[in-house]
Each structure stands twice: as structure tokens, then as C-alpha cells.
Amino acid sequence: MNIIDKIKTAKLTGRGGADFPTATKWQGVLKAHSKYPDKPVYVVCNATEGEPGIEKDKFILQNYPEKMLAGMKIAMETLGAEKGYIYLNPVYYKKFAAKLKKIIGKLPIEFFVEYGGYICGEETVLLETIEGNRSEPRLKPPFPTERGLFSCPTLVNNVETFYYVAEIADGAYQQTRFYYVGGDVKNSGVYELPIHLSIGKILDETKNSPPFEFFIQAGGGASGEILTSGELDIPLKGAGSIIVYNFKKTKTLLLIKNWVEFFYKSNCGKCAPCREGFFRLRQLLKCRQLNIALLRALVQTMKDASFCPLGRSIWLPTVGLLEKIGLNNKK
Ligand code: SF4
């Protein structure tokens, strides 16, 4: 069985948050390569991880860089890639580049440091940035598998996905993934556990089940979904992060303000619904009497009209928090 078939059998999906089947992505690159045989193929490792409350790629880069690079090497060989890029955020570059360079040796893999912030984690923004253009997303389709870096077939996978490609190649993959558990817990950190474990079980297994009334944010500390303690009997989707909030101690309006502030600073400014939307949200949240109906209408419009996922991200946590928890502070 070749490696793509093995990845397919293992049902590996992208661990950057989108959960797209990895084998399908690789097959898409091969297909595009046979369509455009004169164009080179590129493989890019996305190591930008910039959302608060997501630290699993950092953990892998720190503890298993060889494995991540082994997965990347397998991808380059399988897809006939001319060159690979590792796209790191500046903090990770400073921490991990020297060690990675040593392991890479003479392989044709180059580093690229992302200075454009969180939005550069979106795969088309990442490609635009490597090409030297403004850090803005592209319209999809065409997808990067067909027209990626310099309009050539390109595979973009994240750190954890490459880690598990190497595990699959070694016959060691046990249907696990990396989770970050943080917030109001005693044992915050990154844990490797089965993918189908429910969120409640993950909290139990990591000895992080709170003894107080709580709610969680699942899948990221800004864009993640809000779940009450009665809704944890489901597996975790997205980027593998669970943040626990103490019901009594958490100022929920402040939480929304923090999310808005993060996205306000991170958006690229390309489209009005997101650029203006976050500006107006900030204004709205400063009002003495918060107009909740207007807040809901605004995040709904941003969800419906923004060009890329970043502008749509604020809707899910905000509406979840308003509906399930409510606002408990005025400032
Ligand atoms: S949604 Fe936001 S980040 Fe995305 S293109 Fe529009 S302004 Fe840029």
C-alpha cells in the first residue's frame, strides 16, 4: 500500500482546524501535477499557530521536530516536490529554527518567517506572503493544490498533520491527536489522546474536570464554540483546544471584548464587512448601555458577508455566549 492509501485508510484529516481529508489533498496535488507536468510542486508546512489558547504545534516543534520533518519529507518525495517551505511565526522561528535547520541538513527546505500576524495562518494568505504580496486571502477555487505557490500545485499541511503522516508511515498511528487544555484548570498543557474521546472525557483523563460551575470554549481561544458543562459528551472538532472558564469568576462582556480586540488587530482590511465590522463592534462594546440586538445583527452580517473565515469567526463564540451564558458584567 502506498503512503496516500495508508493516509486514506487511517482517515487522517488536517489538524490545522479545517479537518479536510489529508489523502484527498495530496491526491489533488498529484492530479494537478499530471495536468501541468512542467510546473514544479511545492510543499509548505504551516507553523503559524497564532490564536490564543492553541499550543499543540508549539509542543510538537519543541518535542518531536524530527517526526514533523519526516512527514514533510515523505510528502515531498510522494508528490515530487522541488522545494519545501516551513512557514513559522516569529516566536516559533526564534525558538525552533536552529534545531530544525540542523535536522533538515541539505534537504531543499527553506524557512519563511511570518510577520503579518494571525491571518497569515490562512493557507492562501500564507502563499501570498511567501510570494512577497500583501498578506490577504485569495478567492477559492482554484485551491492551492492546483494553483498554489507561484501558481504551481502546492500542498499546505500543518505541523501536526505532518507529524501524523510520519506516524502512519511507521505503522505507529493509533488514531490520536494533540489537545491543549487551559484556562481555569489545574493541569493545563498539551496531551495526546484518542481523536474520538468526548470533551468531558478529555477533561477527566487530564485531571482537569472543574469542581465548580463552568463553561468551555472549544477549538480556539478567540473563534472557538461556547459549550456549557452539560454539552461535553461530544468529540472536539477544529484546532484541538479546550479552555475552561469559571462561571462565577468570568466577566463575559470582557471576554467578548477580548475576542473582538484580537480579530480587530488581526484582520487584513481587505473586505468591508470584517474591517468595518470589527471597528463598529469595538465602538458598540464601549457604549454604556450595550445594544445586544445590534451586536447580534452586526456579527450575523459579518458572518454572512466577510470574505474569509477570520471575519466570520466572531459570530460563533459571541452568539453562543449570549445565548448560553449571558452577560454578567457591564464593563
Ligand atoms: S474577512 Fe477580514 S481577514 Fe478576511 S479578507 Fe476580509 S478583512 Fe481580511
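Residues numbered from 1 in each chain as written. Predicted model: local features only at pLDDT ≥ 70, side-chain atom pairs only at ≥ 80, totals over all residues.

With respect to unusual backbone geometry
Between K140 and P141 the backbone carries a cis peptide bond, its omega angle lying at -5°. Structurally, the position occupied by P141 is in the loop between α6 (123-130) and β4 (154-158). At the junction of P141 and P142, the peptide bond is cis and its omega measures out at 5° in the coordinates. With respect to the helices and strands, P142 occurs in the loop between α6 and β4. Residues other than glycine seldom take positive phi values, yet Q175 does so here, at roughly 55°. In this structure, Q175 sits in the loop between α7 (159-169) and β5 (176-183). Residue Q175 is classed as exposed on the basis of its C-beta count, with 11 C-beta atoms lying within 10 Å. With phi around 55°, K207 is a residue other than glycine that occupies positive phi space. (Helix = DSSP H or I, 4+ residues; strand = E, 2+ residues; numbered from the N terminus. Buried ≥ 20, exposed ≤ 12 C-beta atoms within 10 Å, placed from the backbone.)

Some details on the domain arrangement of the protein
Each assigned domain of the protein is listed with its residue range as follows: domain 1 (3-169), domain 2 (176-246) and domain 3 (252-324). Centre-to-centre separation of domain 1 and domain 2, based on C-alpha positions: 26 Å. Counting residues at the interface gives 13 residues for domain 1 and 15 residues for domain 2. The biggest single contributor to the side of domain 1 that touches domain 2 is helix α3 (residues 56-63), with three residues. Of the residues belonging to the side of domain 1 that touches domain 2, the class tally is four nonpolar, three polar and six charged. (Domains from an automatic or database assignment. Contact = placed C-beta atoms within 7 Å. Nonpolar A, V, L, I, M, F, W, Y, C, P; charged D, E, K, R; others polar.)

A word on the pairing of strand β2 (residues 83-88)
Counting buried positions along β2 yields five of six residues, so the element is predominantly enclosed. Pairing of strand β1 (residues 42-47) with β2, which is carried by six bridges, proceeds in the parallel orientation. Its bridge partner lying in β2, V44 is registered against Y85. For β2 and strand β3 (residues 109-113), the ladder comprises five bridges, and the chain directions are parallel. The residue of β3 that forms the bridge with L88 is V113. (Pairing = 2+ DSSP bridges.)

Here we look at the site of the ligand
Not every one of the 15 residues close to the ligand is listed here, only the nearest: C268, C271, C274, C308 and G311. Elements supplying a minimum of two residues to the shell around the ligand: α10 (272-286) and α12 (309-312). Taken together, the residues of the shell around the ligand break down into eight nonpolar, four polar and three charged. Two domains share the shell around the ligand, each providing at least three of its residues, namely domain 1 (3-169) and domain 3 (252-324). (Near = placed C-beta within 6 Å.)

Quick look at the nonpolar core
Judged by nonpolar contacts, the single largest core of 88 residues is most densely connected at V44, I216 and I242. Among all residues touching I216, those that are not within four sequence positions of it are I199, L227, I242, I243, V244 and Y245. (Core = buried A, V, L, I, M, F, W, Y, C linked by C-beta atoms within 7 Å.)

Regarding the sheet that holds β4
Read from one edge to the other, the open sheet built from four strands follows the order β3-β2-β1-β4, with strand pairing classed as parallel. At either end of the open sheet lies a strand with only one pairing partner, and these are β3 and β4. Going across the sheet, the axis of each strand differs from the next one's by a mean of 20°, ignoring polarity. Strand contacts of α7: β1 and β4, with the helix running at about 95° to β4, the strand carrying the most contacts. (Axes fitted to C-alpha atoms, helices over the stretch in contact; angles between N-to-C directions.)

Focus on the sheet that holds strand β8 (residues 225-228)
If you trace the five strands from one edge of the open sheet to the other, you get β6-β5-β9-β7-β8, paired in mixed fashion. What marks the edges here is a single partner per strand, and that holds for β6 (189-194) and β8. Across the sheet, the axes of successive neighbouring strands diverge by a mean angle of 30°, strand direction being ignored. Pairing geometry for strand β7 (residues 214-218) and strand β9 (residues 241-246), over five bridges, is antiparallel. Bridge pairing links I216 to V244 in β9. Running over the sheet, helix α13 (residues 315-324) touches β7 and β8 and is turned about 25° from β8.

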